[in-house]
Amino acid sequence: MDPDLSRLDDYLDETGVDGYLVDADSELSDQYYLSGFDAPDPFVTLYDGETHLLFPRSLEFGRAKRESRAETVERYVDFDHQRLVEEHGPDEAVSHVLAAFLDSYDVESVAVPSRFPLRTADGLRDRGKTVTADTDSVVTEIRATKTETELDHVRTAQRANEAAMAAAEDLVAGADIEDGTLVRDGEALTSEAVKEEIEVTLLRHGCALDETIVACGADAADPHDRGSGPLSAHEPIIVDIFPQDKSTKYHADMTRTFLRGEPSDEIREWYDLTERAKAAAFDALEPGATGADVHDAVCDVYEEAGEPTLRSDERTETGFIHSTGHGVGLDVHELPRLSPNGGELRPGHVVTIEPGLYDPEIGGVRIEDIAVVTEDGYENFTEYEQTLVV
């Protein structure tokens, strides 16, 4: 994938700096996006209209030359690192190497991500370079608009996600009910068992995730509680899966709420309201709308039904207590935001729509789809049906 970095070129021209510098490993998505290289240890990427990589050691040198998109790939040793260590000590030698690296491309000033190593910045300034924080997060902004290749990566991750969700639903739907607890093969069905089935299924589809959410009862009333222990009958179980494709590094995200048994009238009402809120959000999702517009559509549905939201009461601890959604890509949470401060939506923005209601006395209900904004509306990547009682 070759990203369109013309907006980064414009940013460099507008700010009057010579280049953009990143010092991080590829877990930082901006580093991976800009360098096109996946490495577990920190390295330096310079963009000055072209992409240049600098590695402390030779370990990743050969692979970077083969796999990265960079025009040049170099090592500390190429800038007389050992002599500089002998003259200045190991810490100061690094700043001399970086300054020499920038000099080789006639770069005197750089913009850097707002979260940038302080020692690296101070060392470059000591060598006479100008280092300016990029408070606009320009690379992150560029990443928010996906190419067709990136959209295919998200679609692929979502198909794996749906296989994992089906595995989770099958476990819940196939459970017996004994004394208010879900039971399979004579043992209580636990959150941990469902998570294990989710993770195994994702691995079989080339995806992985650090954690997932299978939360029941009071646990489900906290939107980010991962859930633990036996799952109860007659109570909603929130299953939120956000895998990352291991080959492309792109994520998907989806939530369903399942219930084995008989839901209360309140849970049925919550579920119906949340389906309506999600539909209202999709009705508002289009290019030129803002993330705030989409969020307001959800709040309207809940508030008209008498449910509290953070818009109606910023101190509420029950009701709709989070934003409507977020961008998804190399990070599972990235730009744009579907929230009170969400900006303009553009074609290529991949977002979640995930309204929900929460109360520790009742539990929680959330339904989440993932979609891309298109030229004339949106495309919903989510094919998985919505069913409360399983």
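Below is a summary of the structure that appears in this document. Throughout, a residue's number is its position along its own chain's written sequence, starting from 1. Local features are withheld for residues below a pLDDT of 70 in this predicted model, meaning they are given only at 70 or higher, and side-chain atom pairs are given and counted only at 80 or more; totals for whole chains, interfaces and linings count all residues. Hydrogens are left out, water is left out, and the side-chain values use all remaining heavy atoms of the structure.

1. Regarding the side chain of Thr 352
Helix and strand definitions follow DSSP, with helices as H or I runs of at least four residues and strands as E runs of at least two, each counted in order from the N terminus. Looking at the secondary structure, you find Thr 352 in strand S17 (residues 350-353). Polar contact criterion, stated in full: a pair of N or O atoms within 3.5 Å, where within protein one must be able to donate a hydrogen and the other to accept it, and residues adjacent in sequence count only if both atoms are side-chain atoms. Among the polar contacts made by the side chain of Thr 352, one reaches the side chain of Glu 354 at a distance of 3.0 Å. For this analysis, residues touch if any pair of their heavy atoms sits within 4.5 Å. Beyond its immediate stretch of four places on either side in the chain, Thr 352 contacts Asp 253, Thr 324, Gly 325, His 326, Val 328, Leu 338, Glu 368, Asp 369 and Ile 370.

2. With respect to unusual backbone geometry
The step from Leu 335 to Pro 336 runs through a cis peptide bond, and the omega angle for that step is 5°. By the element assignment, Pro 336 lies in strand S16 (residues 334-338). The backbone of Asp 185 shows a phi angle near 55°, a positive value even though the residue is not glycine. Inspection of the secondary structure assignment puts Asp 185 in the loop between strand S8 (181-184) and strand S9 (187-188).

3. Concerning the nonpolar core
Among the buried residues, those of types Ala, Val, Leu, Ile, Met, Phe, Trp, Tyr and Cys that are joined through side-chain atoms within 4.5 Å form a nonpolar core. Relative accessibility decides the category of a residue: with a 1.4 Å probe and only protein chains considered, values under 20% of the type maximum give buried, values over 50% give exposed, and everything between is partly exposed. Ile 267, Leu 285, Val 294 and Tyr 302 are the most contacted members of the largest nonpolar core, which totals 29 residues. Those elements giving two or more residues to this core turn out to be helix H10 (265-284), helix H11 (291-304), S17 and strand S20 (369-374). With nine residues, the top contributor of residues to this core is H10. Contacts of Leu 285, omitting those with residues within four sequence positions, involve Val 294, Leu 345, Val 351, Ala 371, Val 373, Gly 377 and Tyr 378.

4. Here we look at the sheet that holds strand S11 (residues 213-216)
DSSP bridges decide pairing: two strands pair if at least two such bridges lie between them. Here three strands make up an open sheet; going across it, the order is S11-S12-S14 and the pairing antiparallel. Only two strands of the sheet have a single neighbouring strand rather than two, namely S11 and strand S14 (254-258). The sheet shows a mean angle of 15° between the axes of neighbouring strands, direction not considered. Where S11 meets strand S12 (residues 237-241), four bridges bridge the pair, whose relative direction is antiparallel. Orientation is described by lines fitted to C-alpha atoms, with helices fitted over the stretch in contact, and by angles between N-to-C directions that extend from 0 to 180 degrees.

5. Concerning the packing of H10 against H11
Orientation of H10 relative to H11, taken along the N-to-C sense of each, is 150°, at an axis distance of 8 Å. In this view, H10 runs roughly antiparallel relative to H11, as classed from their interaxial angle. In the crossing of H10 with H11, the sense of the turn from one axis to the other is right-handed. The residues of H11 that touch H10, namely those facing Leu 273, Thr 274, Arg 276, Ala 277, Ala 280, Ala 281 and Ala 284, are Asp 293, Val 294, Ala 297, Val 298, Val 301 and Tyr 302. Per-class residue counts for the contact of H10 with H11 are ten nonpolar, one polar and two charged. Note that the term roughly parallel is reserved for angles under 35 degrees, roughly antiparallel for angles over 145, roughly perpendicular for angles of 65 to 115, and oblique for everything else. By definition, any crossing whose near helix is turned counterclockwise from its far helix by less than a right angle is left-handed, and any crossing with a clockwise turn is right-handed. For this scheme, ten residues count as nonpolar: Ala, Val, Leu, Ile, Met, Phe, Trp, Tyr, Cys and Pro. Four count as charged, namely Asp, Glu, Lys and Arg, and the remainder, Gly too, count as polar.

6. What to know about the packing of aromatic side chains
Centre distance within 6.5 Å is the pairing criterion for rings of Phe, Tyr and Trp, where only the six-membered ring of Trp is used; planes under 30 degrees apart are then read as stacked, over 60 as edge-to-face, and the remainder as tilted. Considering all chains together, one arrives at eight aromatic pairs under this definition. Both rings, one in Phe 37 and one in Phe 55, keep their centres 5.7 Å apart while their planes meet at 85°; by these two values the pair is edge-to-face. Taken as a pair, Phe 37 in the loop between helix H2 (29-35) and strand S2 (43-47) and Phe 55 in strand S3 (residues 51-55) lie far apart in primary sequence, 18 residues in all. Residue class for Phe 37 comes out buried when judged on its relative accessible area of 0%.

7. As for the environment of Gly 329
By the element assignment, Gly 329 lies in the loop between strand S15 (325-327) and S16. With a relative accessible area of 0%, Gly 329 lands in the buried category.

8. Observations concerning the side chain of Asp 30
With respect to the element layout, Asp 30 can be found in helix H2. Exposure remark for Asp 30: the relative accessible area of 10% places this residue in the buried category. Reaching out from Asp 30, the side chain makes a polar contact with the side chain of Arg 143 at a distance of 2.6 Å. Aside from chain neighbours lying at most four places away, what touches Asp 30 is Val 139, Thr 140 and Arg 143.

9. What about H10?
Expected span of a helix, by definition, is 1.5 Å for each gap between consecutive residues, and there is one gap fewer than residues. The terminal C-alpha atoms of H10 lie 29 Å apart, and with 20 residues this matches the ideal 28 Å at 1.5 Å per residue to within 8%. Taken together, the buried positions of H10 are occupied by Ile 267, Trp 270, Tyr 271, Leu 273, Thr 274, Ala 277, Lys 278, Ala 280, Ala 281, Phe 282 and Ala 284.

10. Points about the pattern of salt bridges
Note on definitions: salt bridges are taken to be side-chain nitrogens of Lys or Arg within 4 Å of carboxyl oxygens of Asp or Glu. Applying the stated rule across the entire model yields 29 salt bridges. Between Glu 67 and Arg 63 there is a salt bridge, with its nearest N and O atoms 3.0 Å apart. Residue Glu 67 and its partner Arg 63 are both found in helix H3 (residues 61-67); the two are separated by four residues, about one turn of the helix. For Glu 67, a relative accessible area of 44% corresponds to the partly exposed category. The salt bridge involving Glu 262 is made with Arg 268; its shortest N-O contact spans 3.3 Å. On the basis of relative accessible area, Arg 268 is assigned to the partly exposed category, the value being 38%. Several salt bridges share partner residues, and in doing so they unite Asp 30, Arg 143, Lys 146, Asp 331 and Glu 334 into one network.

11. A closer look at the packing of helix H8 (residues 148-173) against helix H9 (residues 191-204)
To describe two helices that pack against each other, one gives the angle between their axes and the distance between the axes. Running from N to C, H8 and H9 point in directions that differ by 150°, and their axes come no closer than 8 Å. One way to sum up the angle between H8 and H9 is to call them roughly antiparallel. When the axes of H8 and H9 are compared, the crossing they make is right-handed. Residues Ala 160, Asn 161, Ala 163, Ala 164, Ala 167, Ala 168 and Leu 171 of H8 touch H9, and the partners they reach there are Ala 193, Val 194, Glu 197, Ile 198, Thr 201 and Leu 202. Residues belonging to the contact of H8 with H9 are distributed by class as follows: ten nonpolar, two polar and one charged.

12. Describing the sheet that holds strand S7 (residues 176-178)
Taken in spatial order, the three strands of this open sheet run S7-S8-S9, and their pairing is antiparallel. Strands with a single pairing partner mark the edges of an open sheet, and in this sheet they are S7 and S9. Sheet topology places S8 next to S9; two bridges connect them, and they run antiparallel. Bridged to Arg 184 within S9 is Glu 187.

These results come straight from atomic positions and should not be treated as a statement about function.
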